[in-house]
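Listed below are the residues making up each chain.
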Amino acid sequence: MGDIATTESTVPELIRTHTCGALRATDMGTEATLMGWVHRVRDLGSLIFVDIRDRYGVTQVVARDDETLLALAKRLRPEFVVAVSGTIERRSEDTLNPKIATGEVEVAVREIDVLSEARRPPFQISEETPVSEDIRLKYRYLDLRRERMQRNLQLRHRVLMAARRSLDEQGFLDIETPVLAKSTPEGARDYLVPSRVHPGEFFALPQSPQIFKQILMLGGMDRYFQVARCFRDEDLRADRQPEFTQIDLEVSFATPDVVFGVVEQLMQTIFEANDESIEIPFPRLPYAEAIAKYGSDKPDLRMAMEIADVSGVFADSDFQVFHDAVAGGGVVRALVVPGAGRYSRSQADKLVDEAIELGAQGLVWARYGSDGPGGPGRDVQSSILKAAGAETLGRLLEAVSAGADDLVLVAAGSSAEASGLLGQFRLRLAQREGLIDEGRRALTWVVDFPMFEWSETEGRHTSMHHPFTAPRDEDRDRLDTDLGAVLAKAYDLVLNGSEIGGGSIRIHDQPLQRRIFELLKITDEDARSRFGFFLEALEFGTPPHGGIALGVDRIVALLAGEASIRDVIAFPKTATAVDLMTGAPSTVSPNQLRDLHLRTDS
């Protein structure tokens, strides 16, 4: 490509007068200098049309008449970086392009300067043709030029600017907290950073600014926020990142209602940045109700399809499996799937196979036959018709108000097991049957989480959120008698079935904090080693406080309609925590390891 004629001597003098998305009909007759990437070239012999692109848009330029200029234009290729100067003219009627903002005008080129040549890229930039994610990530700098990524990152910018504006207007201070901090693992693993000047000692990258933001409340900052980078060395999961961004905030003298009011106003502003409006306040759903009705603590409320308790139908039935489940303290629950009554018997039976694949003991289906509800003979069809009898199954269908075209799925077990299984089918079948209102934004608060959950692997209770979460005042007495019944002042914000934020009112009383550590089997010695500075700080007058962390990556992905958060992050890692573009993580030299007083086993 060395034969491209350039005018490099003029490059330092070039000044861009307009972006590639700026020109309009009102600019006709004036001069412009555009700079950007060659998007497309259309060679018509005596006329050569070139589309020039930058992040603001695309402008058509045309070379004509001048043989030298035409010869240079013929050698342009997609992704060359060029500067073009000329006069703004109106396009001919047959070339008007109403699909782009600059579609009424073109630039009649007087000069073309090639600022940078380009190899042929491994995939098309000008069109959103399918490309494997590995290739996109390896050549991320090329992927970033595509319209999809440009649009997503511009949305991300607007969301963060809107968030900052909203929180500033609500009296919050933007305060940075340390990235090199003390390791206080509880949950996911820390990323450790060895200290060169303190051999054998380590910093940790923060999983969240949790303790620091609480200390800011002790320090009288009253209202803090931060667009925080956080790091978690988690086991590999499809849509998680080892480093991620959250809007972190904390409020002194807070109740849940205070935090909800702040966040709802914040979310309204964020949605406005995407030209959307949402209604506040958001509904509130207790955790136990969410699990019972939707089988999830992050329910998708864009469709109804509530799970119903039908234990009473089977308490005295002849179907031994369900009868025994109820007699043993379990439950029988049912899910009505609108429209799925048209499934063939084999299709319905395949749902039972799916349940087994999900690890369930089994799944039962029932529906009305061709006569429909209340028809002659009360025709009922079911996978357990012979075992349970038509009369019991008829009562089941009546209890859930099933219609002629509905399919009813039934599961038994503990509340979590039965509703959990039906909750998975609720999402699967709603997607298959097109029952989700894709144009709706369903936001809800899930509240009153259990404070503790039992870990079989660790043989102890662990925090469902984190150990600084306060119990509900009315449940404090249960800390000595029934940890499983203690509910926390914790809350999650859910959007369309995805958790986009989690927070709580914190413990501000040192004896209670020590008591929680004790219940979590964190010894006094361990507590002093990991949290001693924080426990000491609690002795110097601590205001009640609470807050939340909102996941920027997830919020932007949902607003952009992207299935993966990797498509709204400029430089993400793969699902295996690898940066395909730079090759990180990588080995380091023996000299670097020696300086850090480290050695590897390999």
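Here we summarise the structure given alongside this text. (Residues numbered from 1 in each chain as written. Predicted model: local features only at pLDDT ≥ 70, side-chain atom pairs only at ≥ 80, totals over all residues. Heavy atoms only, no water.)

**Considering the nonpolar core**
Okay, step 1: Within the largest apolar cluster, 40 residues are counted, with the highest numbers of intra-cluster contacts made by Ile247, Leu249, Met267, Ile270, Trp445, Leu493 and Leu550.
Okay, step 2: Counting only elements with at least two residues in this core, the list comes to α4 (147-169), β10 (243-252), α6 (256-272), β17 (443-447), β20 (490-495), β21 (498-505), β22 (545-551) and α16 (552-560).
Okay, step 3: Among the elements that line this core, the one with the most residues is α6, at 8 residues.
Okay, step 4: One finds Ile507, Ile516, Leu519 and Ala527 within the second-largest nonpolar core, a separate group that totals 29 residues. (Core = buried A, V, L, I, M, F, W, Y, C linked by side-chain atoms within 4.5 Å. Buried < 20%, exposed > 50% of the residue type's maximum accessible area, 1.4 Å probe, protein only. Helix = DSSP H or I, 4+ residues; strand = E, 2+ residues; numbered from the N terminus.)

**With respect to the packing of aromatic side chains**
The way to describe two aromatic rings as a pair is by their centre distance and the angle between their planes.
Okay, step 1: Under the definition given, this model contains 12 aromatic pairs.
Okay, step 2: Seen from their ring centres, Tyr139 and Tyr141 are 6.2 Å apart, and the 80° between their planes marks the pair as edge-to-face.
Okay, step 3: Relative to Trp445, the ring of Phe260 has its centre 4.1 Å away and its plane inclined at 25°; by these criteria the two rings are stacked. Of this pair, Phe260 sits in helix α6 while Trp445 sits in strand β17, placing them 185 residues apart in sequence. Both residues of the pair, Phe260 and Trp445, belong to the buried class.
Okay, step 4: Of the aromatic side chains, those joined through ring pairs into one cluster are Phe260, Phe282, Trp445 and Tyr491. (Phe/Tyr/Trp six-rings, centres within 6.5 Å; stacked < 30°, edge-to-face > 60°.)

**Some words on the pairing of strand β18 (residues 452-455)**
Okay, step 1: Bridging between β18 and strand β19 (residues 460-463) involves 4 bridges; their strand directions are antiparallel. Across the sheet, the residue bridging to Trp454 is His461, located in β19.
Okay, step 2: In this structure, the hairpin formed by β18 and β19 is closed by a connection of 4 residues, where Gly459 is found at a positive phi of approximately 65°. (Pairing = 2+ DSSP bridges.)

**Section: unusual backbone geometry**
Okay, step 1: Cis geometry marks the peptide bond from Ile280 to Pro281, where omega comes out at 0°.
Okay, step 2: By the secondary structure assignment, Pro281 is in the loop between α6 and β11 (284-286).
Okay, step 3: Pro585 follows Ala584 through a cis peptide bond whose omega is 0°.
Okay, step 4: Relative to the elements of secondary structure, Pro585 occurs in the loop between α16 and α17 (590-595).
Okay, step 5: Non-glycine residue Asp275 carries a positive phi angle of around 60°.
Okay, step 6: The exposure class assigned to Asp275 is exposed, which follows from its relative accessible area of 76%.
Okay, step 7: Unusually for a residue other than glycine, Asn496 sits at a positive phi of about 50°.

**What about the environment of Thr129?**
Okay, step 1: Residue position: Thr129 is located in the loop between β5 (105-116) and α2 (133-138).
Okay, step 2: Note: C-alpha distance between Thr129 and Phe517 (388 residues apart in sequence) is 54 Å.
Okay, step 3: Leaving out residues up to four positions away in the same chain, Thr129 has contacts with Gln124 and Arg146. (Contact = heavy atoms within 4.5 Å.)

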